[in-house]
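The primary structure of each chain is shown beneath.
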Amino acid sequence: MSAPVIVEATAKQTATLIFMHGLGDTGHGWSSALAAIRPPFMKVICPTAPTQPVSLNAGFRMPSWFDLKTLDISGPEDEPGIQAARDNVHGMIQKEISAGIPANRIVLGGFSQGGALALYSALTYDQPLAGVVALSCWLPLHKKFPAAKVNSEDVPIFQAHGDYDPVVPYKFGQLSASLLKSFMKNVTFKTYSGLSHSSSDDEMEDVKDIISKWQQTNHL
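Within any chain, residue numbers begin from 1 and follow the written order of that chain's sequence. Where local features are concerned, this predicted model is filtered to residues with pLDDT of at least 70; where side-chain atom pairs are given and counted, the filter is 80 or more; whole-chain, interface and lining totals use all residues. Water and hydrogen atoms were dropped before computing side-chain values, which therefore reflect all heavy atoms in the structure.

I'm lost on the pairing of strand β5 (residues 60-63) in this one. Help?
The side chains of a regular strand alternate between both faces of the sheet. Strands are labelled as partners when DSSP assigns at least two bridges between them. For helices the rule is a DSSP run of H or I covering at least 4 residues; for strands it is a run of E covering at least 2, with both sets numbered from the N terminus onward. Strand direction decides the pairing type here: strand β4 (residues 51-54) and β5, joined by four bridges, are antiparallel. Considered in β5, the bridge of Q52 is made with M62. Hairpin geometry of β4 and β5 is characterised by an intervening segment of five residues between the two adjacent antiparallel strands and by a positive phi of about 60 degrees at A58.

Set out below in structure tokens:
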């Protein structure tokens, strides 16, 4: 896997955001947008997924956190690939903790496939995190929950989705949020009217506000 894109904190670092890009993208795709909205004390880490064949795209090789077989909610999923990608994210969290940033000052985030990985990684981590930013995505291996959850039910989740998304259906996001709300206490699902499979200035402002709020809640 290539080295992650890292945006260092501009003040003394007391928090970290680890953000996973969508299928076919790289860490560079999100680093500048996130650098513009993060608090000065937060380091941003944007890893790049390994390049591998993707079944959904006729086996073409591209940056992908795990294989995507279908974008149908009840379709088959790449469980070993999802778990291996999760282990990689847990390793990144552990590295930050070893550097002195407590778990409750670390935010996991992602867009599309990266958001799915962020959700799965956060729910299966054994220490409470600051929160999860899950954009235009879904909960992978959803039939395994809530049994697979090992994290605290208090970890906040901010899920956002455009209602014109032609790639990851809006309904898929809604169903994931409904399931999450059944076993997590602090889930926000926000709809962006007219937004397709992308982000927007409004959404990024909301992400800025929510990250800032989480950091105030877990202040040190």
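Looking at this structure, I do not really get helix α1 (residues 28-35). What am I missing?
Side chains of residues three or four places apart in an α-helix project in the same direction, reflecting 3.6 residues per turn. Buried means the residue's accessible area, taken with a 1.4 Å probe over protein chains only, is under 20% of the maximum for its type, while exposed means over 50%, and partly exposed covers the values in between. Of the residues making up α1, those classed as buried are W30, S31 and L34. The buried residues of α1 occupy one face: seen down the axis, they fall within an arc of 115 degrees. α1 presents H28 and S32 as exposed residues on the side facing more than 90 degrees away from its buried surface. Buried residues belonging to α1 abut β1 (5-7), β2 (15-20), β3 (42-46), β6 (106-111), β7 (131-135) and α5 (201-217). Arc, as used here, means the arc of the directions from the helix axis to the C-beta atoms. We call two residues in contact when some of their heavy atoms are within 4.5 Å.

Is there a simple way to explain the pairing of β7 in this structure?
The element β7 is extensively covered by neighbouring structure, given that five of its five residues are classed as buried. Alternating residues of β7 divide into G131, V133 and L135 and V132 and A134, and every residue in both groups is buried. With respect to chirality, the unit in which β6 leads through helix α3 (residues 113-123) into the neighbouring parallel β7 is right-handed. Sheet topology places β7 next to strand β8 (residues 157-162); four bridges connect them, and they run parallel. Looking across to β8, one finds that L135 is bridged to A160. Look down the strands so they point away from you; if going from the first strand over the helix to the second traces a clockwise path, that crossover is right-handed.

Honestly, the packing of helix α2 (residues 79-98) against α3 in this entry has me stumped. Any pointers?
Working note: a packed helix pair is described by the angle between its axes plus the distance between those axes. α3 packs onto α2 with a crossing angle of 70 degrees between their chain directions and a minimal axis gap of 9 Å. Here α2 is positioned roughly perpendicular relative to α3, judged by the angle of their axes. Contacts between α2 and α3 involve I82, Q83, A85, R86, V89 and H90 on the former and, on the latter, L117, Y120 and S121. When residue character is reported, Ala, Val, Leu, Ile, Met, Phe, Trp, Tyr, Cys and Pro are called nonpolar, Asp, Glu, Lys and Arg charged, and the others, Gly included, polar. Its residues assigned to classes, the contact of α2 with α3 comprises five nonpolar, three polar and one charged. Here, axes are lines fitted to C-alpha atoms. For helices the fit covers the stretch in contact, and angles between N-to-C directions go from 0 to 180 degrees. With respect to orientation, any angle under 35 degrees is reported as roughly parallel, any angle over 145 as roughly antiparallel, any angle of 65 to 115 as roughly perpendicular, and every other angle as oblique.

How should I be thinking about the side chain of R86 in this particular structure?
Structurally, R86 can be placed in helix α2. Judged by its relative accessible area of 14%, R86 is buried.

When you look at the pattern of salt bridges in this model, what are you seeing that I'm missing?
Think of it this way: side chains of opposite charge can pair up when their charged atoms draw near. Put simply, a salt bridge is a Lys or Arg side-chain nitrogen that is within 4 Å of an Asp or Glu carboxyl oxygen. Scanning the entire structure with this criterion turns up seven salt bridges. Between K43 and E96 there is a salt bridge, and its shortest N-O distance comes to 3.1 Å. In this pair, K43 sits in strand β3 while E96 sits in helix α2, placing the two residues 53 residues apart along the sequence. E96 carries the same exposure label as K43, and that label is buried. For K185, the salt bridge identified is with D154, shortest N-O distance 3.9 Å. Linking K185 in the loop between α4 (170-183) and β9 (187-192) with D154 in the loop between β7 and β8, this pair joins segments that are 31 residues apart in sequence. Taken together, the salt bridges that share partners define one network made up of E153, D154 and K185.

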